[in-house]
Amino acid sequence: MQPFVHLHVHSQYSILDGQASIPALVDKAMKNGMKGIAVTDHGNMFGIKEFFNYTKKKNGAKNGEIKDLNKKLKALDPETDSTQIEEIKSQIAALEASLFKPIFGCEVYVARRGRSSKNGKEDQSGHHLILLAKNNKGYHNLIKLVSMAWVEGYYYRPRVDKEILEKYSEGLIVSSACLGGEIPQYIMRDNIEKAEEAISWFKNIWGDDYYLEIQRHKTDNPNANRTVYPEEEKVNTVVLELAKKHNVKVICTNDVHFVNEEHAEAHDRLICLNTGRDLEDPNRMRYTKQEWMKTQEEMNELFADVPESLANTAEICDKVEFYTIDHGPILPNFPLPEGFDNDDDYLKHITYEGAKMRWVEMNDEQKERVDFELATIKNMGFPGYFLIVQDFIAAAREMGVSVGPGRGSAAGSAVAYCLKITDIDPIKYDLLFERFLNPDRISLPDIDIDFDDDG
């Protein structure tokens, strides 16, 4: 049996289209012995953090063993413990090879006439394309592409185009997607010349990291879409020919939208909700009901005549690096007025100025509380955050935007009160600031801003 990895997978974050939860997808893949899976939701990366966190948790025990072995390794002497060192290195390598790999991806929409063209039906969607992050650089390029799709290219759907695909191509693995992809669309219209031009364009940019994709969704279910499979067979025949001609590798996928076969009916009803059509409507959109997360055994049976298309999915998985997407908070730089060298001093200055307005003259209790909070905020690295929040709250008040009195941990802060972030005196009402001191549930101030109809 050829090893296989799902590389075209839609979770529930493909809103009203995918029906699979991230944990259910990962659990089934791991139980079936897959080396990893990709998550490639339509036009977004909403599920990536949950995907990363869950696979990190599932790999936790093995990563713990690797960490312990590395500690042992550092304590050994290369001259006297060479045999033991090699044994430990071998154990580490085996554990690393057995880690389940999360592959972060997205099925993007490629605008037919460029992302700035937003006029009529031809611009409402775009050709489908699978993008997979091979490494940290690819992950950041994928984020840029998806962000630009929403900010610059949105027209009914978030769209990229070939200009930015080429600009942010580094670190990405690309496949030609389903029947909605550019190459399959040309083949379905018998425009083989255009299909070859598109293959050449993608291969010129991504080289060996560009793959052609085939799918097979054969069904005899009278309540399923039975027109897809004949179109797939037509496309697959030409794709396999063009793959040989242009020396491009082929992968097989199953366009996963739900976890198990028995979930097809629930998914069918989800599509009715998505399209606003009745279940009994004979003309409504239907899937083939074959889009479950098939096992390696099922995929091997389905593509037994194209074994390289199975093996190439594992090859892609091997290409993808392990990297973390965790990052500390990133705050904008707050420009300090002349005479102040750091956030801490400026925050203390405006807090004391605000205290004069709130209390006229601070008593010992108020001063002790303010100094304690300022020291805590400094130690936790939050001065910049307080400066930014007070800045936009002050701007909101100047514009006449209604601002709430404050809630949550913000209401317990005397500094927030002095800065007019909140309007509640925490000392008068004996409110605690200590919520900030718990590292397991640090809570940045929650601010309510109520916009009127014009805002």
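Trainee: Describe in detail the overall build of the protein chain, supporting the description with residues and values.
Mentor: Scanning the protein chain from N- to C-terminus turns up 16 helices and 9 strands. The principal-axis extent of the C-alpha atoms belonging to the protein chain is close to 85 × 75 × 40 Å. Accessible surface computed for the protein chain: about 23100 Å², of which carbon and sulfur atoms make up 49%. Counting 55 positive and 76 negative side-chain charges, the protein chain places the centres of these two groups 3 Å from one another.

Trainee: Explain empty space enclosed by the protein to me, using residue names and the numbers behind them.
Mentor: Per the stated rule, a full pass over the model turns up 1 cavity of 30 Å³ or more. Estimates place the volume of the largest cavity at around 60 Å³. Along its surface, the largest cavity is lined by Ala177, Cys178, Leu179, Pro184, Glu213, Ile214, Gln215, Glu232, Val235 and Asn236. Counting residues per element, the ones that place at least two in the lining of the largest cavity are β6 (210–214) and α9 (228–246). A total of 3 residues in the lining of the largest cavity trace back to one element, the largest contributor, which is α9. Looking at the lining of the largest cavity, its residues break down into 6 nonpolar, 2 polar and 2 charged.

Trainee: A description of the layout of surface pockets should follow, citing residues and the corresponding values.
Mentor: The volume enclosed by the largest pocket comes to roughly 1200 Å³. Together, 41 residues line the largest pocket, and His42, His128, Arg157, Met285 and Tyr287 are the ones closest to its centre. At the level of elements, β2 (101–110), β3 (127–133), α9 and α10 (264–275) are the ones that each hand at least two residues to the lining of the largest pocket.

Trainee: Before we move on, could you go through the environment of Val248 and cite the residues and values that matter?
Mentor: With respect to the helices and strands, Val248 occurs in the loop between α9 and β7 (249–252). Here Val248 falls in the buried class, since its relative accessible area comes to 7%. Residues Val248 and Asp208 lie 40 residues apart in sequence; the distance between their C-alpha atoms is 7.3 Å. Here Val248 is in contact with Ile199, Lys203, Tyr210, Tyr211, Leu212 and Ala243, once residues within four sequence places are set aside.

Trainee: Residues and numbers for the nonpolar core, please.
Mentor: Core analysis: the largest hydrophobic core is formed by 65 residues, its most contacted members being Ile37, Ile183, Tyr210 and Leu212. Excluding its chain neighbours within four sequence positions, the residues that come into contact with Ile37 are Val5, His6, Leu25, Val26, Ala29, Phe51, Phe100, Lys101, Pro102, Ile103 and Met293. Counting 27 residues, the second-largest nonpolar core is a separate cluster that includes Leu374, Val415, Cys418 and Ile421.

Trainee: Outline the pairing of β3, supporting the account with residue identities and numerical values.
Mentor: Judged by how many residues are buried, β3 sits mostly within the fold: 7 of 7 residues are covered. Of the two faces of β3, the one holding His127, Leu129, Leu131 and Ala133 and the one holding His128, Ile130 and Leu132 are both buried throughout. Looking at chain direction, β2 and β3 are connected through 6 bridges and run antiparallel. Paired with Val108 across the bridge in β3 is Leu129. Two elements, β3 and strand β5 (residues 172–175), share 4 bridges in a ladder whose sense is antiparallel. Looking at β5, one finds that Ile130 is bridged to Ser175.

Trainee: Give a detailed account of the pattern of salt bridges, specifying residues and quantitative values.
Mentor: Tallied over the full model, the rule gives 28 salt bridges. Between Glu265 and Lys289 there is a salt bridge, and its shortest N-O distance comes to 2.8 Å. Within this pair, whereas Glu265 is found in helix α10, its partner Lys289 is found in the loop between α10 and α11 (296–302), the two being separated by 24 residues in sequence. Residue class for Glu265 comes out partly exposed when judged on its relative accessible area of 36%. Salt-bridge contacts for Arg397 lead to Asp423; the nearest nitrogen and oxygen are separated by 3.6 Å. On the criterion of sequence distance, the pair formed by Arg397 in helix α15 (residues 383–398) and Asp423 in the loop between α16 (414–418) and β9 (449–450) is long-range, its members being 26 residues apart. A single network of salt bridges, built from pairs that share partners, joins Glu265, Asp268, Arg269, Arg284 and Lys289.

Trainee: Now, about a nonpolar patch on the surface: what can you tell me, with residues and values included?
Mentor: On the surface, Ile15, Leu16, Phe46, Trp150, Val151, Tyr154 and Leu273 cluster together into a nonpolar patch covering about 750 Å² of accessible area. Examined against the element boundaries, Leu16 turns out to sit in the segment before α1 (22–31). In this structure Leu16 comes out as partly exposed when scored by relative accessible area, which is 36%.

Trainee: How would you explain a negative patch on the surface if you had to name every residue and give the values?
Mentor: Where like charges cluster on the molecular surface, the negative patch consists of Asp364, Glu365, Glu368 and Asp430. Tracing the backbone shows Glu368 in helix α14 (residues 364–380). The exposure class of Glu368 is exposed, given its relative accessible area of 62%.

Trainee: I'd love a proper account of the side chain of Glu196, names of residues and values included.
Mentor: The topology assignment puts Glu196 in helix α8 (residues 192–206). Once residues lying within four places of it in the same chain are set aside, the contact partners of Glu196 are Leu242, Lys245 and His246.

Trainee: I'd like to hear about the pairing of β7, residue by residue, with values.
Mentor: Here β6 pairs with β7 via 4 bridges, running parallel. Bridge assignment links Leu212 to a residue of β7, and that residue is Val250. Viewed along the sheet, the connection from β6 through α9 into β7 turns out right-handed.

Definitions and cut-offs
Residues numbered from 1 in each chain as written. Predicted model: local features only at pLDDT ≥ 70, side-chain atom pairs only at ≥ 80, totals over all residues. Heavy atoms only, no water. Helix = DSSP H or I, 4+ residues; strand = E, 2+ residues; numbered from the N terminus. Areas by Shrake-Rupley, 256 points an atom, 1.4 Å probe, with all protein chains shown as cover. Lys, Arg positive; Asp, Glu negative; His and termini not counted. Charge placed at Lys NZ, Arg CZ, Asp CG, Glu CD. 1 Å grid on protein atoms, 1.4 Å probe; cavity = no way out; pocket = protein on both sides within 12 Å on 5 of 7 lines; lining within 4 Å. Points joined across faces, edges and corners; volume = space filled by probe spheres on them. Nonpolar A, V, L, I, M, F, W, Y, C, P; charged D, E, K, R; others polar. Buried < 20%, exposed > 50% of the residue type's maximum accessible area, 1.4 Å probe, protein only. Contact = heavy atoms within 4.5 Å. Core = buried A, V, L, I, M, F, W, Y, C linked by side-chain atoms within 4.5 Å. Pairing = 2+ DSSP bridges. Salt bridge = Lys/Arg side-chain N within 4 Å of Asp/Glu carboxyl O. Patch = residues over 30% accessible without salt bridge, like charges linked within 9 Å, V, L, I, M, F, W, Y side chains within 5 Å. Right-handed = clockwise from strand over helix to strand, strands pointing away.

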